[in-house]
Amino acid sequence: MESILNFNIDTIYTVIYKKEPPCFRFDNSGRDWDGFVLFTEGNAVFISRDGQRISCTRGTLLLLRRSTVYSIFSREGCGYITSAFDFSPYCSEALRGLPAVVQCTEKQYNDVVQLEKKWQLQQWDSQLFCRIGLLELYGELLRSHIQPERGKVDGLVGAAIDYIHRHFKENFSANAVKVLGWIIFALELLLTQINHSYP
């Protein structure tokens, strides 16, 4: 599990929206940087080094590493957000299991759109905002596409862990904490009574 968390982004060079005309073709003989391409409109085909062809539509996210060889072709034209940045050198192991192509959730899609808008503003906090956003995006992708090394926890404990992972960023009220405290107190009393009734 530690390797999943062991990644960082050193430098961001650009996050930019591009719109391409019909019969667009881009051949890359080897990327100079790490980065992604998020398709926002139109249809395209991603062609990997080994000739695999993958259809790309709105929400398709290409996760591209430095030196990746690929082509993109769009018969009717397409729009996309692309980026260039450097993962820290020690990230290779952590990122190894990520697929090259994923379909974004609506939240991930909107987060990337906001990244591009913030980058284009070139304000004093744009670099930091985008770095945090990219780390959150890749962290979420790593968690959803790479199984941790430990075994899956089933039952009530597994459900509790899943709930925590899904909701840990949510705001909560002081009253909710108070109610939760009473629930925990009641459970402790119940468990104490159960443990004392059995030798």
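Refer to the structure presented above.
What comes next is a walk through the structure. (Residues numbered from 1 in each chain as written. Predicted model: local features only at pLDDT ≥ 70, side-chain atom pairs only at ≥ 80, totals over all residues. Heavy atoms only, no water.)

Brief notes about the overall build of the protein
The following threshold applies: Secondary structure follows DSSP: runs of H or I at least 4 residues long count as helices, runs of E at least 2 residues long count as strands, and numbering of each begins at the N terminus. Each residue gets one of three labels from its accessible area relative to the maximum for its type: buried under 20%, exposed over 50%, partly exposed in between, using a 1.4 Å probe on protein chains only. Contacts: residue pairs with any heavy atoms within 4.5 Å of one another. In short, Shrake-Rupley with a 1.4 Å probe defines the accessible areas, and a residue's cover is counted only from the protein chains shown.
Along the backbone of the protein there are six helices and nine strands. For the protein, buried positions account for 36% of its 199 residues. Of the contacts formed within the protein by residues at least 6 apart in sequence, a portion of 81% connects residues at least 24 apart. When the accessible surface of the protein is split by element, carbon and sulfur atoms take 58% of a total near 12800 Å².

Looking at the pairing of strand 3 (residues 35-42)
Put simply, the rule reads: Should DSSP find at least two bridges between two strands, the strands are taken to pair.
In terms of burial, strand 3 is largely enclosed, as six of its eight residues are buried. Across four bridges, strand 3 lies against strand 6 (residues 60-64) in antiparallel orientation. Residue pairing in the sheet places Phe36 in a bridge with Leu63 of strand 6. In terms of strand pairing, strand 3 meets strand 8 (residues 78-87) through five bridges, oriented antiparallel. Bridge pairing links Phe39 to Tyr80 in strand 8.

Comments concerning the sheet that holds strand 3
Put simply, the rule is: Axis definition: a line fitted to C-alpha atoms, over the contacting stretch in the case of helices. Angles run 0 to 180 degrees between N-to-C directions.
Read across the open sheet, the five strands follow the order 1-8-3-6-9; overall the sheet is antiparallel. In this open sheet, the two strands that pair with only one neighbour each are strand 1 (9-20) and strand 9 (101-103). Shown here is a sheet whose adjacent strand axes are inclined to one another by a mean of 20°, direction ignored. On the sheet, helix 3 (residues 106-121) packs against strand 1, strand 3, strand 8 and strand 9 and is oriented at approximately 100° with respect to strand 1.

Re unusual backbone geometry
Positive phi values are uncommon outside glycine, yet Cys23 reaches one of about 60°. Phi is positive for Ser67, close to 75°, though the residue is something other than glycine. Relative to the elements of secondary structure, Ser67 occurs in the loop between strand 6 and strand 7 (70-74). Owing to a relative accessible area of 47%, Ser67 belongs among the partly exposed residues under this scheme.

Concerning the state of the cysteines
Spelled out, the test is: The term disulfide is used for any two cysteine sulfur atoms that are within 2.5 Å.
Summed over the entire model, instances satisfying the criterion amount to zero disulfides. Among the cysteines around Cys56, which has no disulfide bond, Cys78 carries the closest sulfur, lying 8.7 Å off.

Some words on the sheet that holds strand 2 (residues 24-28)
Overall, antiparallel pairing links the four strands, which are arranged 2-7-4-5 in an open sheet. Whereas interior strands pair on both sides, the edge strands pair on one side only; in this sheet they are strand 2 and strand 5 (53-56). With strand direction ignored, the average angle separating the axes of adjacent strands in the sheet is 15°. Across four bridges, the pairing between strand 4 (residues 44-48) and strand 5 is antiparallel. Paired with Val45 across the two strands is Ser55, which belongs to strand 5.

Digging into the environment of Gln122
Let me state the cut-off plainly: As used in this structure description, the phrase polar contact means that two N or O atoms lie within 3.5 Å; if the pair is within protein, one of them must be able to donate a hydrogen and the other to accept it, and residues adjacent in sequence are counted only when both atoms belong to side chains.
Residue placement: Gln122 occurs in the loop between helix 3 and helix 4 (126-145). On the accessibility criterion, Gln122 (52% relative accessible area) is exposed. Of the polar contacts made by the side chain of Gln122, one reaches the backbone oxygen of Trp119; its length is 2.6 Å.

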